[in-house]
Amino acid sequence: MAIVTTKEMFQKAYEGGYAIGAFNVNNMEIVQGITEAAIEQRAPLILQVSKGARAYAKHVYLMKLIEAAIADAEQTAGFDLPICVHLDHGDSFELCKSCIDGGFSSVMIDASGKPFEENIAITRQVVEYAHDHGVVVEAELGTLAGIEDEVNVSAEDSSYTRPEDVQEFVERTGCDSLAIAIGTSHGAYKFKPGTKPQLRFDILEEVQRRLPGFPIVLHGSSSVPQEFVQMINENGGNMPGAIGVPEDQLRQAASMAVCKINIDSDLRLAMTATIRKYFHDHPDHFDPRQYLKPARAAIKDMVAHKIVDVLGCNGKA
Ligand code: G3H
Ligand code: 13P
Ligand code: ZN
């Protein structure tokens, strides 16, 4: 199967009350771990690439790795794995154009930090180019706290999406999905220790009421599993107070209008914790395959868990 857009994935997810996982990829082991889990679970999949990932690995390497994963699914499992390849947090028309021209089936234009009219204008420009090339567009309204592609958005700057803006924004831009801010944030430090993590479901409900049937996206949706934080801290790391979004709240969002849930930090935690422990247990080893293999397996387990226990998209491909 060729690389697909999210059109059909999102329609089925919306109607079925589940969500698709959008996992960030940066290297071969991450691509393999994620896609092997999706193949086993027969789950539709979004692999997303940030500006930083493109700078790290190069566009062509990431595209070829994803194409290899599709070919491997066909050859080894006889399965047409539907994969959408998506630009995460595109910050300019030029970056979006480059990814569209380079074979991505979906792009995000994130102009959420700009004034409303400017956000509409740049999003509209990307939508026109993307739709002319059969590519879909995710846009964003509202600002997440945390770190977005090396830009630090402080908690004080965070502002929830205003439901009264969403209809006008979607109508005037023609975007295909909308990321909203309801209390999630990027990175591993999402909530203050001692406070109760709580997403603003009242905002999500109101957005859903105003945009019936329209796919909503949640960024910053890692749950920061405490067993991995502990494994990191016990093996030379130092991550005090790392807290994520409770999984039951993500499940609830997936049963509503949320069709795409973005997860990156949890993959990083799984990989880092596994490698830290490996080095601690085997201080004399220096073959990268020895520590990257269990790290890849940890990513696969993490993604399988998300697909089955959080997103509910297993068996939906
Ligand atoms: O939203 C940010 C993603 O986790 C990507 O992070 O810019 O470090 O690749 P990155
Ligand atoms: P996390 O940092 O919570 O994994 O969020 C990832 C994300 O939103 C990528 O766009
Ligand atoms: Zn994000």
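Residues numbered from 1 in each chain as written. Chains lettered and ligands numbered in written order. Predicted model: local features only at pLDDT ≥ 70, side-chain atom pairs only at ≥ 80, totals over all residues. Heavy atoms only, no water.

Caption draft 1: Spotlight on the pairing of strand β2 (residues 45-50). When you tally the buried positions in β2, you get 6 out of 6 residues, the bulk of the element. Going residue by residue along β2, you find Leu45, Leu47 and Val49 tucked away on one face and Ile46, Gln48 and Ser50 tucked away on the opposite face as well. Here strand β1 (residues 20-24) pairs with β2 via 3 bridges, running parallel. Across the sheet, the residue bridging to Ala22 is Ile46, located in β2. (Buried < 20%, exposed > 50% of the residue type's maximum accessible area, 1.4 Å probe, protein only. Helix = DSSP H or I, 4+ residues; strand = E, 2+ residues; numbered from the N terminus. Pairing = 2+ DSSP bridges.)

Caption draft 2: Just the packing of aromatic side chains, in detail. Tallying each qualifying case throughout the model produces 3 aromatic pairs. Aromatic side chains Phe116 and Phe169 sit 6.2 Å apart centroid to centroid with 45° between the ring planes, which places their arrangement in the tilted category. Residue Phe116 is found in helix α6 (residues 116-132), and its partner Phe169 is found in helix α7 (residues 163-173); the two are separated by 53 residues along the sequence. For Phe116, a relative accessible area of 24% puts it in the partly exposed group. Sitting above the plane of the Phe79 ring, Arg42 keeps its charged end 4.2 Å from the centroid. The residue whose ring lies beneath Arg200 is Tyr160, and the NZ or CZ to ring-centre distance is 5.0 Å. (Phe/Tyr/Trp six-rings, centres within 6.5 Å; stacked < 30°, edge-to-face > 60°. Lys NZ or Arg CZ within 6 Å of the ring centre and 35° of its normal.)

Caption draft 3: Summary view of the site of ligand 2. Lining the immediate environment of ligand 2, one finds 16 residues, of which Asp88, Lys190, Ser222, Asp264 and Ser265 sit closest. In this structure, an oxygen atom belonging to ligand 2 sits 2.8 Å away from a main-chain N or O atom of Gly187. Within the backbone of Ser221, an N or O atom sits 3.1 Å from an oxygen atom of ligand 2. Alone, ligand 2 offers 310 Å² of accessible surface; in the complex the protein occludes 97% of this. When contributions to the shell around ligand 2 are tallied by element, the ones reaching two or more residues are β3 (83-90) and β10 (258-263). Considered class by class, the residues forming the shell around ligand 2 number 1 nonpolar, 12 polar and 3 charged. (Near = heavy atom within 4 Å. Polar contact = N/O pair within 3.5 Å; in protein donor to acceptor, adjacent residues only side chain to side chain. Areas by Shrake-Rupley, 256 points an atom, 1.4 Å probe, with all protein chains shown as cover. Nonpolar A, V, L, I, M, F, W, Y, C, P; charged D, E, K, R; others polar.)

Caption draft 4: Geometry of the packing of helix α2 (residues 28-41) against helix α12 (residues 288-311). Interaxial distance between α2 and α12 falls to 8 Å at its minimum, and their mutual angle equals 40°. Judged on the interaxial angle alone, α12 and α2 are oblique. The chirality of how α2 crosses α12 is right-handed. In this structure, α2 contributes Glu29, Ile30, Gln32, Gly33, Ile34, Glu36, Ala37, Ala38, Glu40 and Gln41 to the contact, and α12 contributes Leu292, Arg296, Ile299, Lys300, Val303, Ala304, Ile307 and Val308. Classifying every residue of the contact of α2 with α12 by side-chain character gives 10 nonpolar, 3 polar and 5 charged. (Axes fitted to C-alpha atoms, helices over the stretch in contact; angles between N-to-C directions. Parallel < 35°, antiparallel > 145°, perpendicular 65-115°, else oblique. Left-handed = near helix turned anticlockwise from the far one by under 90°. Contact = heavy atoms within 4.5 Å.)

Caption draft 5: Local environment of helix α9 (residues 226-234). All of the buried residues along α9 are Phe228, Val229 and Ile232. Viewed end-on, α9 has its buried residues packed into an arc of 105°, placing them on one side of the element. Exposed side chains of α9 directed beyond 90 degrees from the buried face belong to Glu227 and Glu234. As for α9, its buried residues are in contact with α11 (265-281) and α12. The positive-phi residue at the C-terminal boundary of α9 is Gly236, with phi of around 100°. (Arc of directions from axis to C-beta.)

Caption draft 6: Structural view of α6. Helix length check: α6 (17 residues) gives 24 Å between terminal C-alpha atoms against 24 Å at 1.5 Å per residue, within 8%. Taken together, the buried positions of α6 are occupied by Asn119, Ile120, Ile122, Thr123, Val126, Val127, Tyr129 and Ala130. Among the structural elements, α5 (93-101), β4 (106-109), β5 (136-141) and α7 are those in contact with the buried residues of α6. One or two steps after α6, the chain reaches Gly134, where phi turns positive at roughly 70°. (Expected span 1.5 Å × (residues − 1).)

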